[in-house]
Amino acid sequence: MRAVTWHARHDVRVDTVPDPEIVNPRDAIIKITSTAICGSDLHLYDGYIPTMRSGDILGHENMGEVVEVGSKSTLKKGQRVVVPFTISCGHCFFCEKLQYSACDNSNPATTSDMSETLYGYPMGGAFGYAHLTGGYAGGQAEYLRVPYSDVGPIVIPDGLEDDKVLFLSDILPTGWMGAENAEIEQGDTIAVWGCGPVGLFAIQSAFLMGAHRVIAIDHFPTRLELARGMGAEVLDFTEVNVREALYEMTGGIGPDAVIDCVGMESHGAAIDNVLDTVKAHTFLGTDRPAALRQMILACRKGGRVSIPGVYGGMADKFPIGALMEKGLTVRSGQTHVQKYLRPLLEMIGEGKIDTTFMISHHASLEDGPDMYKHWHNDQNAYTKIVLKPGMAPGPVRL
């Protein structure tokens, strides 16, 4: 089959690789019909996530048609399914608590040693995201093996096209959990850093959860316009002092809760962010926490900090004093996707959640390397890219 593969920093190719096979009775094989490039894939593209190996298949936002099942799979051939990016056994201590991304059984011990060293405990498994998370092949390919297929995938009813449900695989539940972790109360003012796909879904989710105001921070005009179209007030961080602007907008109190939808490669104008960038580019450091620093300083006393944005290592100049003295509550973590699939699918079917507005391009697998370059270099024009196996080469702008 054909697949989008990682070979080195900024070196993504399309290769012919072996077809996946059933290796466990709980496995299923799906024929991919849609797979997206995620913002967190850029961390792999930029070389900031360790344990990537040449030839690894990328992609963790996947859906398709079931074509083969193991003897213990609950799926049936011909069903359309969305596959969560988290791989979860469904029966360990954490899965029983619906903390699916912390699954104890989905990351093989031989590939989880580094994550245990870095984070204290092994990470759960995930598709297409380095050997830190199990070394599983991703879905930017024609076919995908799905472990624990009796736990993860959700069957999609007829009448809902791929574009409406694909993002159940990751970014919609991630935005929803980011808003949920902000513990939103009726009438709250919420500030969201980053108007990429996760940030836009966090904005949408915050309003659905009862936020009175959402203030969105970014610098790409297209993304700010998308946020404004959802009812958010917007700030361009290159034009204003974000902390001062937020204080003015909230009567000197600050937002009730703040959500970091940027993560380890955030940007800012301050000198400390310049130093972060130098450290990251020379690999003397990993995470650039400019947005996180800004959030902690801007959030009101006694407020809440939610971090769905991906961080992978150490954050320099972290304002622990402000966090403690202001009495802030912090919640973070990889998304427990399976927990949210059914209620979010129901909201999509009822028209309460729109998932298609951010898609800017459809493209073929063969266009994958070029799409990575565009996604990396022109995020204003390329807001979300969906790859379609079998589509003729040549991206289609929507």
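Structural data are supplied above this passage.
How each quantity is defined
Residues numbered from 1 in each chain as written. Predicted model: local features only at pLDDT ≥ 70, side-chain atom pairs only at ≥ 80, totals over all residues. Heavy atoms only, no water. Buried < 20%, exposed > 50% of the residue type's maximum accessible area, 1.4 Å probe, protein only. Helix = DSSP H or I, 4+ residues; strand = E, 2+ residues; numbered from the N terminus. Pairing = 2+ DSSP bridges. Arc of directions from axis to C-beta. Contact = heavy atoms within 4.5 Å. Phe/Tyr/Trp six-rings, centres within 6.5 Å; stacked < 30°, edge-to-face > 60°. Lys NZ or Arg CZ within 6 Å of the ring centre and 35° of its normal. 1 Å grid on protein atoms, 1.4 Å probe; cavity = no way out; pocket = protein on both sides within 12 Å on 5 of 7 lines; lining within 4 Å. Points joined across faces, edges and corners; volume = space filled by probe spheres on them. Nonpolar A, V, L, I, M, F, W, Y, C, P; charged D, E, K, R; others polar. Axes fitted to C-alpha atoms, helices over the stretch in contact; angles between N-to-C directions. Parallel < 35°, antiparallel > 145°, perpendicular 65-115°, else oblique. Left-handed = near helix turned anticlockwise from the far one by under 90°.

(A) A look at the pairing of strand S1 (residues 2-8). When you tally the buried positions in S1, you get five out of seven residues, the bulk of the element. Here S1 pairs with strand S2 (residues 11-16) via six bridges, running antiparallel. Bridge assignment links Thr5 to a residue of S2, and that residue is Arg13. Linking S1 back to S2 in an antiparallel pair, the connection comprises two residues, with His10 at a positive phi of about 60°. In terms of strand pairing, S1 meets strand S4 (residues 56-57) through two bridges, oriented antiparallel. Bridge assignment links Trp6 to a residue of S4, and that residue is Asp56.

(B) Geometry of helix H7 (residues 221-229). Residues Arg223, Leu224 and Ala227 constitute the buried set of H7. Looking down the long axis of H7, one finds its buried residues gathered within 100° of arc, a one-sided arrangement. Residues of H7 that are exposed and angled more than 90 degrees away from the buried face: Pro221 and Gly229. Buried residues along H7 sit in contact with helix H6 (197-208), strand S12 (213-218), strand S13 (233-236) and helix H13 (368-377). Once H7 ends, the next one or two residues include Gly231, with phi positive near 105°.

(C) Quick look at the packing of aromatic side chains. Inspection of every chain in the model, using the stated rule, returns four aromatic pairs. A ring pair is formed by Phe93 and Phe94, whose centres lie 5.1 Å apart and whose planes are at 85°; its orientation type is edge-to-face. In this structure Phe93 comes out as exposed when scored by relative accessible area, which is 53%. Taken together, a centroid distance of 6.3 Å and an interplanar angle of 85° make the contact between Phe201 and Phe357 edge-to-face. Taken together, the residues Phe201 in helix H6 and Phe357 in the loop between helix H12 (337-349) and strand S17 (361-363) connect sequence positions 156 residues apart. An aromatic cluster of three or more residues is present, and its members are Phe167, Phe201 and Phe357. Directly above the ring of Tyr247 sits Arg243, whose terminal nitrogen or CZ lies 4.9 Å from the centroid.

(D) Representation of empty space enclosed by the protein within the structure. In the structure shown here, the tally under the stated rule is two cavities of 30 Å³ or more. Within this model, the largest cavity holds a volume of roughly 50 Å³. For the lining of the largest cavity, the residue count by class is eight nonpolar, three polar and no charged. Taken together, Thr174, Met177, Gly178, Asn181, Ser306, Ile307, Pro308, Gly333 and Thr335 make up the full set of residues lining the second largest cavity.

(E) How the structure looks around the packing of H6 against H7. Packing of H6 against H7 brings their axes to within 10 Å, and their N-to-C directions diverge by 15°. Relative to H7, H6 is oriented roughly parallel. Note on packing geometry: the crossing formed by H6 with H7 is right-handed. Residue-level inspection shows Pro197, Leu200 and Ile203 of H6 in contact with H7, the latter providing Arg223, Leu226 and Ala227.

(F) View of the layout of surface pockets. Its boundaries defined by the atoms lining it, the second largest pocket holds a volume of some 260 Å³. Considering the residues around the second largest pocket, the lining is formed by 18 residues, among which Pro20, Ile57, Tyr136, Ala137 and Arg145 are closest to the centre. The residue makeup of the lining of the second largest pocket, split by class, is 10 nonpolar, six polar and two charged.

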